[in-house]
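Analysis of the macromolecular model
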Amino acid sequence: MGCIAFAPVSRSLWEALVLAGLAGFGAAIGIHLVIGYTDLVHVGPAILGALVFAAGMALTTPVRSRVMPRETGSRRPGGPSPTA
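Residues numbered from 1 in each chain as written. Predicted model: local features only at pLDDT ≥ 70, side-chain atom pairs only at ≥ 80, totals over all residues. Heavy atoms only, no water.

Our focus in this paragraph is the overall build of the chain. Looking only at helices and strands, one finds three helices and zero strands in the chain. Of the regular secondary structure in the chain, the N- to C-terminal order runs α-α-α. Counting over 84 residues, the chain shows a buried share of 12%. A sequence separation of at least 24 residues applies to 52% of the contacts in the chain between residues at least 6 apart. Put simply, the chain shows about 6,600 Å² of open surface, and 70% of that area lies on carbon and sulfur atoms. (Helix = DSSP H or I, 4+ residues; strand = E, 2+ residues; numbered from the N terminus. Buried < 20%, exposed > 50% of the residue type's maximum accessible area, 1.4 Å probe, protein only. Contact = heavy atoms within 4.5 Å. Areas by Shrake-Rupley, 256 points an atom, 1.4 Å probe, with all protein chains shown as cover.)

Next up, the structure:
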């Protein structure tokens, strides 16, 4: 929560959150599948959390592209623009 509340919006923050979510929810849900314990009452909250997390990350993707536009070419200070 601290990263979300206090860190500046950046592509690397978004990617770090995606990786953390994949690792956390992947391990939590994956280990249950590996050991064969697939009781929905037990695993359901983790699945619901993963779905909410995925929806949140998907909904922030357009914000990411507005805040951090992709660079189309390298620019040198004082040099011509890449499209010129």
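After that view of the structure, there is still more to cover.
Right, let's get into the pattern of salt bridges. Evaluated as defined, the whole model comprises one salt bridge. A salt bridge links Glu-15 to Arg-11, with the shortest nitrogen-to-oxygen separation between them at 2.9 Å. Placement of the pair is Glu-15 and Arg-11 together in helix 2 (residues 11–35), with a separation of four residues, close to one helical turn. (Salt bridge = Lys/Arg side-chain N within 4 Å of Asp/Glu carboxyl O.)

So, on to the packing of aromatic side chains. Evaluation of the coordinates by the stated rule reveals one aromatic pair. With 5.7 Å between their ring centres and 45° between their planes, Phe-25 and Phe-53 make a pair best called tilted. Remark: Phe-53 occurs in helix 3 (residues 40–67) and Phe-25 occurs in helix 2; sequence separation between them is 28 residues. Looking at Phe-25, the relative accessible area reads 28%, which means it is partly exposed. (Phe/Tyr/Trp six-rings, centres within 6.5 Å; stacked < 30°, edge-to-face > 60°.)

On to the environment of Gly-26. On the secondary structure map, Gly-26 appears in helix 2. On the basis of relative accessible area, Gly-26 is assigned to the partly exposed category, the value being 41%. Along the sequence, Gly-26 and Ala-46 sit 20 residues apart, while their C-alpha atoms lie 9.6 Å from each other. Not counting the four nearest positions on each side in its chain, Gly-26 is found in contact with Gly-21 and Ile-31.

With respect to the element layout, His-32 can be found in helix 2. If we ignore the near neighbours within four places in the chain, the residues touching His-32 are Tyr-37, Thr-38, His-42 and Val-43.

So, on to a nonpolar patch on the surface. A surface patch of nonpolar side chains, amounting to about 420 Å² of accessible area, comprises Ile-31, Val-34, Ile-35 and Tyr-37. Topologically, Tyr-37 is positioned in the loop between helix 2 and helix 3. (Patch = residues over 30% accessible without salt bridge, like charges linked within 9 Å, V, L, I, M, F, W, Y side chains within 5 Å.)

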